[in-house]
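Single-letter residue listing:
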Amino acid sequence: MKNASLSRLTKNQIDRLGERLRKGDISEDDHQLLDSYRRSFSGSYEDVFGRIREQIGLEPTGRSAKSTNSIIEKLRRESIRLSQMQDIAGCRIVVPDLPSQGEAVERLKMLFDNVSIDDRREQPSHGYRAVHVIFEHSGKLVEVQVRTSLQHRWAQLSEKLSDVVDSTIKYGGGDRDVAIILGVMSEKISSHESAEARHLEIMASDEEDEQIYHEGMRLPNLMNERLSINQMLDAIGEVIPRMKGGKDDFSD
């Protein structure tokens, strides 16, 4: 595939490149080809990013392409073809709560015709919860991660523990105690956000006044619980790296 033009590469050639990268049989030409391939996503990414901001008024953050090292690591970690990797280009949207998340996903689905949804809330990936909206645009896949603020905080914690304790934590490996703690916090966040969503649903409904009254009385408890979850996430981020021999500095 030496000096092959990226525009002339077939899906099979891209996948064969991925297999060589997975096996570690990587030439300088393959490195250059992978770099060109990941950069080829920038146009589709910029269009998706721009439409999200201009047409539906959401403010994404992200990157136009994964690094070559991240792509190679993912190929070696997962049984996925290079041509099927959906997060080479992507961005993230963080919203306050579950109802806002559902609304954002519905608005995103209207932007393009070729859209698929990967909902990781009911069946999280090693505790990670979010909704991924994947656009196919100009033959390229662009992934938009939609997270609630608590889902985002959990994901940040998982990423940081992977950085300072064990790089495999966010993929379900590493220290068992850490995995259990992250799992418990993921479930706690899910339960709390479901209760918040139900509270908002009842308060906006025409249900009996007594039930609405009791739900209204419950709001301070929900607010205190959210505060408690955030404090617990902060504490975990400070304590675990010291207990497990990681770096002392765990600040953003």
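Because the structure is predicted, anything quoted here is derived from the model rather than measured.

Further remarks concern the overall build of the protein chain. Of regular secondary structure, the protein chain possesses 8 helices and 5 strands. For the protein chain, the residues scored as buried account for 39% of the 252 residues in total.

Here the focus is the sheet that holds strand S5 (residues 140-148). The strand order S1-S2-S5-S4-S3 describes an open sheet built from 5 strands, whose pairing is mixed. In this open sheet, the two edge strands, each paired with only one partner strand, are strand S1 (61-63) and strand S3 (115-119). Adjacent strand axes in the sheet meet at a mean angle of 20 degrees when their direction is disregarded. As paired strands, S1 and strand S2 (residues 89-95) are joined by 3 bridges and run antiparallel to one another. The partner of threonine 61 across the bridge, within S2, is arginine 92.

What follows is about the layout of surface pockets. Put simply, the largest pocket is a space of about 940 Å³. The wall of the largest pocket is formed by 31 residues, among which Lys66, Asp87, Gln145, Glu159 and Tyr171 lie closest to the centre. Every element with two or more residues in the lining of the largest pocket is listed here: S1, helix H4 (68-77), S2, S5 and helix H6 (149-164). Among the residues forming the lining of the largest pocket, the class breakdown is 6 nonpolar, 12 polar and 13 charged.

Time to look at helix H3 (residues 42-55). Helix length check: H3, at 14 residues, gives a terminal C-alpha distance of 19 Å against a target of 20 Å (1.5 Å per residue), a fit within 8%. Restricting attention to buried positions, one finds in H3 the residues Ser44, Tyr45, Val48, Phe49, Gly50 and Ile52. Contacts from the buried residues of H3 go to S1, S2, helix H5 (98-109), strand S4 (131-137) and S5.

Moving on to empty space enclosed by the protein. Left-over empty space is what a probe sized like a water molecule reveals as it rolls over the atoms. Following the criterion strictly, the structure yields 1 cavity of 30 Å³ or more and no others. Space inside the largest cavity adds up to approximately 40 Å³. Sorting the residues of the lining of the largest cavity by element identifies H6 and helix H7 (176-203) as the ones contributing at least two each. Partitioned by chemical class, the residues of the lining of the largest cavity number 2 nonpolar, 3 polar and 1 charged.

To continue, consider the nonpolar core. Ranked by internal contacts, the top residues of the largest apolar core, which has 36 residues, are Ile52, Leu82, Leu108, Phe135 and Val144. For this core, the secondary structure elements donating two or more residues are helix H1 (11-23), helix H2 (28-39), H3, H4, S2, H5, S4 and S5. Not counting residues up to four positions away in its chain, the partners in contact with isoleucine 52 are Gly57, Leu58, Pro60, Cys91, Ile93, Leu108, Leu111 and Val144.

Our next topic: unusual backbone geometry. Phi at histidine 126 takes a positive value of approximately 55 degrees, unusual for a residue other than glycine. Along the chain, histidine 126 falls in the loop between S3 and S4. With phi around 55 degrees, serine 138 is a residue other than glycine that occupies positive phi space. Relative to the assigned elements, serine 138 resides in the loop between S4 and S5.

Attention now moves to the packing of aromatic side chains. Summed over the entire model, instances satisfying the criterion amount to 3 aromatic pairs. Taking the centre distance of 5.2 Å and the plane angle of 90 degrees together, the rings of tyrosine 37 and phenylalanine 41 count as edge-to-face. With relative accessibility at 6%, the residue tyrosine 37 sits in the buried group. Here phenylalanine 112 and phenylalanine 135 contribute two aromatic rings whose centre-to-centre distance is 5.1 Å and whose plane-to-plane angle is 65 degrees, an arrangement assigned as edge-to-face.

The rules behind the values
Residues numbered from 1 in each chain as written. Predicted model: local features only at pLDDT ≥ 70, side-chain atom pairs only at ≥ 80, totals over all residues. Heavy atoms only, no water. Helix = DSSP H or I, 4+ residues; strand = E, 2+ residues; numbered from the N terminus. Buried < 20%, exposed > 50% of the residue type's maximum accessible area, 1.4 Å probe, protein only. Pairing = 2+ DSSP bridges. Axes fitted to C-alpha atoms, helices over the stretch in contact; angles between N-to-C directions. 1 Å grid on protein atoms, 1.4 Å probe; cavity = no way out; pocket = protein on both sides within 12 Å on 5 of 7 lines; lining within 4 Å. Points joined across faces, edges and corners; volume = space filled by probe spheres on them. Nonpolar A, V, L, I, M, F, W, Y, C, P; charged D, E, K, R; others polar. Expected span 1.5 Å × (residues − 1). Contact = heavy atoms within 4.5 Å. Core = buried A, V, L, I, M, F, W, Y, C linked by side-chain atoms within 4.5 Å. Phe/Tyr/Trp six-rings, centres within 6.5 Å; stacked < 30°, edge-to-face > 60°.

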